[in-house]
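# Structure assessment
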Amino acid sequence: MGDIKVRGKKEDEDEKAEVEIWNYVFGHVKIAVVKCAIELGIADAIDKHGSPMTLSQLTTTLKCEPPRLYRILRFLVHYQIFKEEPVTQDSIGFALTPLSRRLIRHGERSMAALILLESSPVMLAPWHSLSARVLDSGNSPFETAHGKDVWSYAEENPGHSKLIDEAMACDARVAVRALIEGCSRVFDGIKSLVDVGGGNGTALSMLVKAFPWMHGINFDLPHVVAVAPKVDGIEYVGGDMFECVPKADAAFFMG
Ligand SMILES: C[S@@+](CC[C@H](N)C(=O)[O-])C[C@H]1O[C@@H](n2cnc3c(N)ncnc32)[C@H](O)[C@@H]1O
């Protein structure tokens, strides 16, 4: 009988590591492809269409190169961000899933802005300074990358500031809905509420709508308050919370 080689635990672990390491090598690809899907507006197009769209319909609507778009769609289908569904007897279309509904730009449960913020070059750059941050106790990675803290950077870059406000609003829409549904009694007897660092006022406008007896004060840095959409029943005050905060029956912090 010839030698039979029995594979040991170590070989199995090594082989698993060999495969797993590729997930790190291309770990950034998933977020890059999802960002690409948001920028192209794939989920928005299918949502607007109201039913699954064929590759040909999508390429026409989005003005893309068919083979390139198909590669992106195959990746997204693999990760169940979209799914394939028959459109006619001999054609397949691409349909939304719960995941891709979160990629619709202005959907109720949209997370698109949060993904666009976190995948932006501005927010990715600090991650490249992580080891430097661990090696010494100097500036934060954001300051190392951009020379200033995130709020000062936003003040000087209105486009980035808008992206932050829209990204924060994604989370606020979900968190505040849960708060209103689960903890409404917390707001009993509160006549005025100041939202400290309230961003573009998404959270406060939901709270004031749900509890209309409350007067809301949206307090944030002056450059944020200046561009926040104005809503009836809400007062907008710009300032620095480390100096003073407008008086109210209660203060609301969410970050
Ligand atoms: C992480 S965001 C949270 C936004 C919002 N509360 C939410 O959860 O959706 C922090 C907010 O605090 C604001 N902020 C940062 N520093 C501040 C300061 N010194 N005074 C007032 N607001 C500040 C930012 O402009 C930003 O809108």
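Each chain carries its own residue numbering, running from 1 in the written order of its sequence. Only residues with pLDDT of at least 70 get local features here, since the model is predicted, and only at 80 or more are side-chain atom pairs given and counted; chain-wide, interface and lining totals rely on the full set of residues. The basis for every side-chain value is the complete set of heavy atoms in the structure, and neither hydrogens nor water enter the calculation.

What counts here: UniProt positions are given in the numbering used here, feature names are shortened, and annotations may be inferred rather than shown by experiment.
The name an unreviewed UniProt entry gives the protein is O-methyltransferase domain-containing protein, with Gossypium darwinii as the organism. Recorded in UniProt under Sequence similarities (unreviewed entry), the annotation for the protein is "Belongs to the class I-like SAM-binding methyltransferase superfamily. Cation-independent O-methyltransferase family."

## Digging into the UniProt feature "domain: O-methyltransferase dimerisation" (unreviewed entry) in the protein
Selection criterion: What counts as a helix is a DSSP run of H or I of at least four residues, what counts as a strand is a run of E of at least two, and both are numbered from the N terminus.
Feature annotation in UniProt places "domain: O-methyltransferase dimerisation" (unreviewed entry) on residues 22–104, given in this structure's numbering. Taken as a whole, residues 22–104 contains 59% helix and 16% strand, while its terminal C-alpha atoms sit 30 Å from one another.

## Structural notes on the pattern of salt bridges
Pairing between side chains of opposite charge can happen when their charged atoms approach one another. Selection criterion: Think of a salt bridge as a Lys or Arg side-chain nitrogen and an Asp or Glu carboxyl oxygen that are within 4 Å of each other.
This structure, assessed with the given rule, holds eight salt bridges. Here Asp188 and Arg185 are joined by a salt bridge, their closest N and O atoms 4.0 Å apart.

## Some remarks on the packing of aromatic side chains
Using the following cut-off: In summary, the pairing rule links any two rings of Phe, Tyr or Trp, Trp by its six-membered ring, whose centres are within 6.5 Å, and it sorts them by plane angle into stacked for under 30 degrees, edge-to-face for over 60 and tilted for everything else. Relative accessible area decides the class of each residue, using a 1.4 Å probe on protein chains only: under 20% of the type maximum gives buried, over 50% gives exposed, and in between gives partly exposed.
Going through the model one piece at a time under the given rule, you end up with five aromatic pairs. Here Trp22 and Phe26 contribute two aromatic rings whose centre-to-centre distance is 6.1 Å and whose plane-to-plane angle is 15 degrees, an arrangement assigned as stacked. The exposure class assigned to Trp22 is partly exposed, which follows from its relative accessible area of 49%. Measuring from ring centre to ring centre gives 4.7 Å for Phe187 and Phe211, while their planes differ by 20 degrees; the resulting arrangement is stacked. Highlighted residues: Phe187 in the loop between α12 (158–182) and β3 (192–196) and Phe211 in the loop between α13 (202–210) and β4 (215–220), separated in sequence by 24 residues. Its relative accessible area of 3% is what places Phe187 among the buried residues. For Phe211, a relative accessible area of 5% corresponds to the buried category.

## Thoughts on the site of the ligand
Inclusion rule: What makes a residue near a molecule or strand is one non-hydrogen atom of that residue sitting within 4 Å of it. A 3.5 Å cut-off defines polar contacts: any pair of N or O atoms within that distance qualifies, except that in protein one atom must be a possible hydrogen donor and the other a possible acceptor, and neighbouring residues in sequence count only when both atoms are side-chain atoms. Here a cavity denotes a set of grid points, spaced 1 Å apart and computed over the protein atoms alone, in which a 1.4 Å probe fits but from which it cannot get out, and a pocket denotes an open set meeting protein on both sides within 12 Å along at least five of seven lines; residues with an atom within 4 Å of a point are reported as lining. Pocket occupancy is defined atom-wise: a molecule lies in a cavity or pocket when more than half of its atoms are within 2 Å of its grid points. Side-chain classes follow a simple rule in which Ala, Val, Leu, Ile, Met, Phe, Trp, Tyr, Cys and Pro form the nonpolar group, Asp, Glu, Lys and Arg form the charged group, and the remainder, Gly included, forms the polar group.
Taken together, 14 residues surround the ligand, and among them Gly197, Asp220, Asp240, Met241 and Met254 come closest. Residue Met168 places a main-chain N or O atom 3.3 Å away from an oxygen atom belonging to the ligand. Judged by the fraction of its atoms near the pocket grid, the ligand is located in the largest pocket. Across the shell around the ligand, the residue classes tally to eight nonpolar, four polar and two charged.

## Regarding helix α5 (residues 66–78)
The test is simple: By this rule the span expected of a helix is its residue count minus one, scaled by 1.5 Å. Directions pointing from the helix axis toward each C-beta atom define the arc. Contact definition: two residues touch when any of their heavy atoms are within 4.5 Å.
Along its 13 residues, α5 runs 18 Å from first to last C-alpha, staying within 8% of the 18 Å computed at 1.5 Å per residue. Along α5, the positions that sit buried rather than exposed are Leu69, Ile72, Leu73, Leu76 and Val77. Viewed end-on, α5 has its buried residues packed into an arc of 135 degrees, placing them on one side of the element. Across α5 from its buried face, at more than 90 degrees, point the exposed residues Pro67, Arg68, Arg71, Arg74 and His78. Close packing links the buried residues of α5 with α2 (29–40), α3 (42–49), α4 (55–62), β1 (82–88) and β2 (91–96).

## Notes on the environment of Thr59
Tracing the sequence through the fold places Thr59 in helix α4. Sequence spacing of Thr59 and Tyr70 is 11 residues, and the spatial spacing of their C-alpha atoms is 9.0 Å. With residues up to four places along the chain from it excluded, the contact list for Thr59 reads Cys64, Glu65, Pro66 and Leu69.

## Topic: the state of the cysteines
Here is the rule: To count as a disulfide, a pair of cysteine sulfur atoms needs to be within 2.5 Å.
The final tally for this structure, using the stated rule, is zero disulfides. Considering cysteine sulfurs only, Cys64 is the nearest to Cys36, which forms no disulfide, with 7.7 Å between them. Overall, the relative accessible area of 22% leaves Cys36 in the partly exposed class.

## Description of the layout of surface pockets
Rolled over the atoms, a probe as big as a water molecule pinpoints where empty space is left. The line we're drawing: Grid points are joined across faces, edges and corners, and a volume is the space filled by probe spheres set on the points.
Considering only enclosed or pocket space, the largest pocket measures out at about 640 Å³ in volume. Contributing elements (two or more residues each) for the lining of the largest pocket: α11 (150–156), α12, β3, α13 and β4. Take the lining of the largest pocket: its biggest share by element is seven residues, from α12. A class-by-class count of the residues in the lining of the largest pocket yields 14 nonpolar, eight polar and five charged. Volume-wise, the second largest pocket comes out at about 460 Å³.

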